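Residue-level listing of the chains:
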Amino acid sequence: MEEKSVLLEAKGICKQFNGIPVLKNVNLEIRRGEVHALMGENGAGKSTMIKIITGVYTMDDGQILMEGKPVTISCRQDARCCGISVIYQELSLIPALTVTENIFLGQEISRFGFTKKKEMRRQVKALIEKYGFDLDPDMLVSSMGMAQRQMVEILKALSMEAKLIIMDEPTASLSAAETETLFKTIDGLRQKGTSILYISHRLEEIYRMADRLTVMRDGENVGVLTREEMTPQKVTTMMIGHEIKEDKNRERRQRYEGNCLEVTGLAYKNILKDVNFKAYGGEILGIGGLVGTGRTELIRCIYGAEKPSRGKITLNGKPVSRSIAKNIKAGFGLVPEDRRNEGFVPLLSIEKNLAIASYDKLARFGVVNRKKEINFAQEAIRGYDIRPPMRHLPVGNLSGGNQQKVVLGRWLSRKPLVLLLDEPTAGVDVGVKHELYHLMRALATTGSIVIMVSSDLAELTHVADRILVMHDGRFFEEFTHENATQTAILLAASGVHTSEGVPL
Amino acid sequence: MNKKNLRRVISAMLVIALAAVFARTSDHFLSARNILQLLREASFVGLVALGVSFVIIGGGIDLSTGGIAALTGLVCARLSFIPGIPGIAVLLGGVLTGVACGAINAFLVTKVRLTEFVATLASGFVYSGLALIIAFRRNGIIESRPILNKSFTVLGTHVGGVYYITIVWLVMTVLMMLVLTKTNFGLHTYAQGSNPKSAQMSGVNNNFIKSGGFLICGFCVGLGASMVVAYQSAAPVTLGSAVAFQAIAACVVGGIVLGGGRGDAIGALLGSLFLTLILNGLMKYGLSIAWQSILQGGIIILATTFDAQFMKLPIKRRVKVKPGTGKEGH
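Since the model is a prediction, treat every value here as computed from it, not as a measurement.

**Concerning the overall build of chain B**
Then step 1. Along chain B, the regular secondary structure elements total 13 helices and four strands.
Then step 2. Seen through its principal axes, chain B has C-alpha atoms that stretch 90 × 50 × 35 Å.
Then step 3. Within chain B, buried positions represent 52% of all 330 residues.
Then step 4. Element-wise, carbon and sulfur atoms account for 70% of the exposed surface of chain B, whose accessible area totals about 15000 Å².
Then step 5. Distance between charge centres in chain B, computed from 26 positive and 8 negative side chains, equals 6 Å.

Next up, the structure:
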């Protein structure tokens with residue numbers, strides 16, 4: 001491959017938040033007309049890097065060169081002027097307007113307030129023809145699918161003469177066919193000399209599209225690979241770094257076969273295709289996989305918060321109800337991913353938040369026994385070490401970790417048979433994390449089923465007794481605690497079979 | 001045919017179907033006189049709906065139109081008693097009152113930063129109260145005094161059977177349709193109603209759009225109320241009591257989705273026609289006010305359900321947010 005000239009060069013970028021370095025002397029080089037992938041685990045610093053390039057954050061130290069000339073990017077407008085555009089996961093188009101109107105929104109060509117539609121339409125048409133998109137300038141965005149909308153976004157970027165288009169997880173909400181269309185579009189752009197910075201967790205997409213690849217880890221650039229050098233093993237190893245051999249010789253957990261949740265042939269919309277598994281009392285079952293593969297939907301289906309389109313869910317042979325209220329009575333509990341919106345009521349006190357799911361036990365004939373309620377709360381605050389230990393404090397005022405203790409405590413106090421957790425330690429600091437693990441373990445030891453969805457690979461390998469990795473709407477591989485490594489789980493999540501796991 | 005047009009055709013066909021039913025069951029329904037009377041009745045609600053549709057499309061709501069109508073009516077009445085005042089000046093006074101009320105709403109929303117709902121709920125009460133203050137009284141009791149200013153009341157008459165208010169309504173509808181589809185302001189109103197954040201990011205001035213909506217709304221309500229007062233030759237303090245919610249109902253029936261970003265002036269027109277037709281027609285069947293009210297509610301529920309279910313309108317895609325997991329241990 002011939003050497004292409006450099007479009008954007010970022011040198012020695014540093015950034016701190018509250019004294020914690022997030023980017024440490026990062027270099028990034030993007031050439032003209034290349035698809036450059038940026039990879040790294042959550043928290044590796046990818047988003048921060050992009051936000052600096054696009055003017056959302058300002059860097060503490062470093063330099064950005066555009067076509068060899070140093071530039072200052074201190075706001076989004078600056079980035080746009082330099083020819084840098086971003087296409088976000090959450091598309092920003094206006095459904096009620098046409099393609100043309102959307103592309104020119106905010107910079108209409110007009111005279112006396114009347115828009116010159118014909119002129120704008122002509123320009124959009126020229127642009128569509130130049131890049132060979134399959135779009136109609138007069139089409140309403142509301143009547144388009146996700147992939148087409150994305151094309152409009154790309155067109156909008158091109159209309160602003162973007163030389164570099166940044167795509168952040170562009171395929172997250174696309175179907176397989178739509179993804180294919182997007183790839184064709186990207187290919188076309190590359191041939192026309194537009195550079196693409198492609199951020200994705202899906203390794204298979206990267207291998208297919210990227211000319212070069214930069215891997216970030218812990219706020220550092222750990223290497224650049226060319227197309228010839230990329231292999232799944234190499235990339236995942238670079239992402240995870242040196243894995244410290246964990247002490248896997250912990251005491252064997254007692255499994256209680258008497259308490260068993262069984263899911264067979266579960267399908268949900270087109271996200272979950274055919275999910276089968278058994279979870280037993282006494283064990284913590286970890287569920288891994290990439291974000292958006294349907295892990296959240298799976299546990300919401302089990303809990304009764306979503307209606308599966310097919311399949312059977314049974315607890316000890318009895319079918320699980322589709323009603324959340326009935327399931328809670330039957331011993332289910334859910335710690336949701338979106339803590340603030342679904343997990344707790346921010347304005348209510350610790351006491352009320354703890355008691356909210358247990359009024360069946362705290363009330364008689366619909367009247368709450370105040371004494372029982374206070375005792376219930378005080379026991380939980382003491383038992384789960386919720387800080388500060390003031391039962392009247394609104395939960396919204398607590399730290400993330402203590403909020404999560406309240407959510408977890410609400411269920412633990414009921415001694416649930418099945419506890420479902422979705423990203424239970426997201427945004428929780430390290431110390432509290434271990435307290436949460438301890439509480440989960442304590443519950444499992446009493447014979448309850450604990451199912452934990454997590455994107456944190458270290459958490460899965462450290463806490464779970466058994467790990468099921470989801471890929472493409474199915475469970476792809478199963479790992480025992482003893483065999484699991486972070487690299488293997490990450491590979492399995494990308495659809496690559498590993499020697500450590502058992503294929504399902 | 002795209003969905004926008006489909007929805008419009010459906011509304012129009014409903015109006016025609018309803019008219020056909022009434023035409024079959026009543027001999028004089030299709031008489032020119034009856035139709036022109038119907039149009040006159042629809043004009044007031046129609047003008048208010050037209051105004052409020054701007055606010056709704058922009059993502060807001062205006063509950064104060066009833067108060068604005070009452071106040072405007074009484075300002076017109078008061079002005080018309082000034083000796084020698086030309087009717088056009090009275091009309092101008094009425095319209096300006098409406099615009100002023102709209103400006104106050106805009107101020108409350110953009111500067112005081114109240115939500116549209118609260119701001120216009122409160123201001124509506126204030127406008128109604130102001131109307132009561134300037135109402136005519138005899139021995140302290142409010143009375144409706146007949147307006148004798150011929151140059152003003154002529155605005156309430158008709159030319160060749162078509163009432164002036166109907167002409168004004170139709171002209172305004174065409175005008176507003178042009179504003180919505182052909183101007184930056186119109187496009188930005190849709191953008192703002194659909195997704196205020198991304199509109200702002202694209203360079204749309206949110207406050208400007210909001211203010212414009214309220215001003216247009218005030219203008220339309222002022223115009224409509226003044227013309228109605230001219231027709232009735234009186235300004236009852238109850239002038240606007242029902243119109244605010246009827247206008248919103250007309251918008252909803254006409255496919256203007258509460259929440260913003262959808263619908264247009266033609267929708268407001270068709271919705272107003274439909275509501276007037278059904279209320280008027282049922283009156284002829286001798287259905288009580290109670291049933292009319294219940295039916296109106298039912299129609300709103302049907303229209304909204306239809307828009308949500310069959311037009312697949314505001315469906316939000318669940319976008320997953322990557323959890324910010326802190327890493328540990330390696």
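After presenting the structure, the write-up continues.
**Some thoughts on the pattern of salt bridges**
All names here are of chain A.
Then step 1. Counted under the stated rule, the structure contains 33 salt bridges over all chains.
Then step 2. The residue Arg190 makes a salt bridge to Asp187 at a minimum N-O spacing of 2.7 Å. One end of the pair is Arg190 and the other is Asp187, both in helix α6 (residues 176-191) and three residues apart, which spans about a single turn.
Then step 3. Accessibility expressed as a relative area gives 16% for Arg190, which makes it buried.
Then step 4. Its relative accessible area of 31% is what places Asp187 among the partly exposed residues.

**So, the side chain of Asn105 of chain B**
Residues and elements named next belong to chain B.
Then step 1. Within the secondary structure, Asn105 sits in helix α4 (residues 87-110).
Then step 2. With a relative accessible area of 0%, Asn105 lands in the buried category.
Then step 3. Only 3.0 Å separates the side chain of Asn105 from the side chain of Ser64, close enough to count as a polar contact.
Then step 4. The residues contacting Asn105, other than those within four sequence positions of it, are Asp62, Ser64, Ile68, Thr120, Ser123, Tyr127 and Phe214.

**Observations concerning the packing of aromatic side chains**
All names here are of chain B.
Then step 1. Throughout the structure, instances matching the rule amount to eight aromatic pairs over all chains.
Then step 2. Where Tyr163 meets Tyr231, the ring centres are 5.7 Å apart and the plane angle is 85 degrees; that geometry is what we call edge-to-face. With a gap of 68 residues between them, Tyr163 in strand β4 (residues 162-163) and Tyr231 in helix α10 (residues 206-232) connect regions that are remote in the sequence.
Then step 3. Classification of Tyr163 by relative accessible area gives buried; the value is 10%.
Then step 4. The rings of Phe54, Phe185 and Phe208 are connected pair by pair, giving a single aromatic cluster.
Then step 5. It is Arg78 that lies over the ring of Phe136; its NZ or CZ is 4.4 Å from the centre.

**Some remarks on the nonpolar core**
Nonpolar side chains tend toward joint burial in soluble globular proteins.
Then step 1. Counting residues in hydrophobic clusters, the biggest one holds 125 residues, and the most contacted among them are Leu261, Phe277, Leu298 and Ile451 of chain A.
Then step 2. If sequence neighbours within four positions are ignored, Phe277 of chain A has contacts with Leu261, Glu262, Val263, Leu285, Leu298, Ile302, Ile451, Leu468 and Phe475 of chain A.
Then step 3. Residues Val15, Val204, Cys220 and Ala265 of chain B belong to the second largest nonpolar core, which totals 94 residues.

**Some details on helix α14 (residues 370-383) of chain A**
Residue and element names in this part refer to chain A.
Then step 1. Over its 14 residues, α14 runs 20 Å from end to end, which matches the ideal 20 Å to within 8%, given 1.5 Å per residue.
Then step 2. Taken together, the buried positions of α14 are occupied by Glu373, Ile374, Phe376, Ala377, Ala380 and Ile381. Looking straight down α14, one finds that the buried residues subtend no more than 160 degrees of arc, so they occupy a single side. With respect to the buried face of α14, the exposed residues turned more than 90 degrees away are Lys371, Glu379 and Arg382.
Then step 3. Its buried side turned inward, α14 meets α12 (350-355), α13 (359-362) and β20 (367-368).
Then step 4. Between the side-chain oxygen of the N-cap and the backbone nitrogen of Lys371 there are 3.1 Å, and the N-cap of α14 in question is Asn369.
Then step 5. Phi for Asp385, located one or two positions after α14, is positive at around 55 degrees.

**Section: the packing of α4 of chain B against helix α5 (residues 116-133) of chain B**
All names here are of chain B.
Then step 1. Where α4 meets α5, the closest approach of the two axes is 9 Å, and the angle between their N-to-C directions is 140 degrees. Where α4 crosses over α5, the two elements pack in a sense that is right-handed. Facing Cys101, Ile104, Asn105, Leu108 and Val109 of α4, the residues of α5 in contact are Glu116, Ala119, Thr120, Ser123 and Tyr127.
Then step 2. A class-by-class count of the residues in the contact of α4 with α5 yields six nonpolar, three polar and one charged.

**A word on helix α12 (residues 265-284) of chain B**
All names here are of chain B.
Then step 1. For α12, built from 20 residues, the straight-helix expectation of 28 Å at 1.5 Å per residue is met to within 8% by its first-to-last C-alpha distance of 29 Å.
Then step 2. The element α12 is extensively covered by neighbouring structure, given that 16 of its 20 residues are classed as buried.
Then step 3. A side-chain oxygen of the first residue of α12 lies 3.3 Å from the backbone nitrogen of Ile266; this N-cap is Asp264.
Then step 4. Trailing α12 by a residue or two, Gly286 shows a phi angle of about 80 degrees, which is positive.

**What about unusual backbone geometry?**
Residue and element names in this part refer to chain A.
Then step 1. Note that the residue after Arg387, namely Pro388, is joined by a cis bond; omega there is -5 degrees.
Then step 2. Along the polypeptide, Pro388 turns up in the loop between α14 and α15 (400-412).
Then step 3. Here the phi dihedral of Asn25 falls at roughly 55 degrees; this positive angle occurs in a residue that is not glycine.

**As for the confidence of the model for chain A**
Then step 1. Here chain A averages 88 in pLDDT, while 97% of its residues score no lower than 70.
Then step 2. Within chain A, no element has a lower average pLDDT than helix α11 (residues 339-343) of chain A, which sits at 82, and none a higher one than strand β22 (residues 449-453) of chain A, at 96.

**Description of the environment of Leu277 of chain B**
Residue and element names in this part refer to chain B.
Then step 1. With respect to the helices and strands, the residue Leu277 is situated in helix α12.
Then step 2. In this structure, the C-alpha to C-alpha distance between Leu277 and Ala19, residues 258 residues apart in sequence, is 7.4 Å.
Then step 3. When near neighbours in sequence (up to four residues on either side) are disregarded, Leu277 contacts Val15, Leu18, Ala19, Phe22, Phe29 and Leu38.

**Observations concerning the pairing of strand β4 (residues 61-66) of chain A**
Residue and element names in this part refer to chain A.
Then step 1. As paired strands, strand β1 (residues 6-17) and β4 are joined by five bridges and run antiparallel to one another. Its bridge partner lying in β4, Glu9 is registered against Leu65.
Then step 2. Sheet analysis places β4 next to strand β5 (residues 69-71), joined by three bridges and oriented antiparallel. What sits directly across from Met66, in β5, is Lys69.
Then step 3. Hairpin connection between β4 and β5: a loop of two residues separates the two successive antiparallel strands, and Glu67 in this loop has a positive phi of roughly 50 degrees.

**Concerning the pairing of strand β10 (residues 195-199) of chain A**
Residues and elements named next belong to chain A.
Then step 1. In terms of residue burial, β10 counts as a mostly covered element, since five of its five residues are buried.
Then step 2. On β10, burial covers both faces: Ser195, Leu197 and Ile199 on one face and Ile196 and Tyr198 on the other are all buried.
Then step 3. Inspection of the sheet shows strand β3 (residues 35-39) paired to β10 by four bridges, in the parallel sense. Bridge pairing links Val35 to Ile196 in β10.
Then step 4. As defined by bridge partners, strand β9 (residues 164-168) adjoins β10 across five bridges and the pair is classed as parallel. The residue of β10 that forms the bridge with Asp168 is Ile199.
Then step 5. As a crossover connection, the stretch from β9 through α6 into β10 is right-handed.

**Description of the sheet that holds strand β21 (residues 418-422) of chain A**
Residues and elements named next belong to chain A.
Then step 1. The sheet built from seven strands is open, its strands ordered β18-β21-β22-β15-β23-β24-β25 with mixed pairing. Of all strands in the sheet, those bounded by a partner on one side alone are β18 (332-335) and β25 (502-503).
Then step 2. The pairing of strand β24 (residues 474-480) with β25 spans two bridges and is antiparallel. What sits directly across from Glu478, in β25, is Val502.
Then step 3. The strands touched by helix α9 (residues 295-303) within the sheet are β15 (284-289), β18, β21, β22, β23 (466-471) and β24, with β21 carrying the most contacts at an inclination of about 150 degrees.
Then step 4. Sitting on the sheet, α15 touches β18 and β21, and the angle it makes with β18 is about 175 degrees.

Rules of the game
Residues numbered from 1 in each chain as written. Chains lettered and ligands numbered in written order. Predicted model: local features only at pLDDT ≥ 70, side-chain atom pairs only at ≥ 80, totals over all residues. Heavy atoms only, no water. Helix = DSSP H or I, 4+ residues; strand = E, 2+ residues; numbered from the N terminus. Buried < 20%, exposed > 50% of the residue type's maximum accessible area, 1.4 Å probe, protein only. Areas by Shrake-Rupley, 256 points an atom, 1.4 Å probe, with all protein chains shown as cover. Lys, Arg positive; Asp, Glu negative; His and termini not counted. Charge placed at Lys NZ, Arg CZ, Asp CG, Glu CD. Salt bridge = Lys/Arg side-chain N within 4 Å of Asp/Glu carboxyl O. Polar contact = N/O pair within 3.5 Å; in protein donor to acceptor, adjacent residues only side chain to side chain. Contact = heavy atoms within 4.5 Å. Phe/Tyr/Trp six-rings, centres within 6.5 Å; stacked < 30°, edge-to-face > 60°. Lys NZ or Arg CZ within 6 Å of the ring centre and 35° of its normal. Core = buried A, V, L, I, M, F, W, Y, C linked by side-chain atoms within 4.5 Å. Expected span 1.5 Å × (residues − 1). Arc of directions from axis to C-beta. Axes fitted to C-alpha atoms, helices over the stretch in contact; angles between N-to-C directions. Left-handed = near helix turned anticlockwise from the far one by under 90°. Nonpolar A, V, L, I, M, F, W, Y, C, P; charged D, E, K, R; others polar. pLDDT = per-residue confidence, 0-100. Pairing = 2+ DSSP bridges. Right-handed = clockwise from strand over helix to strand, strands pointing away.

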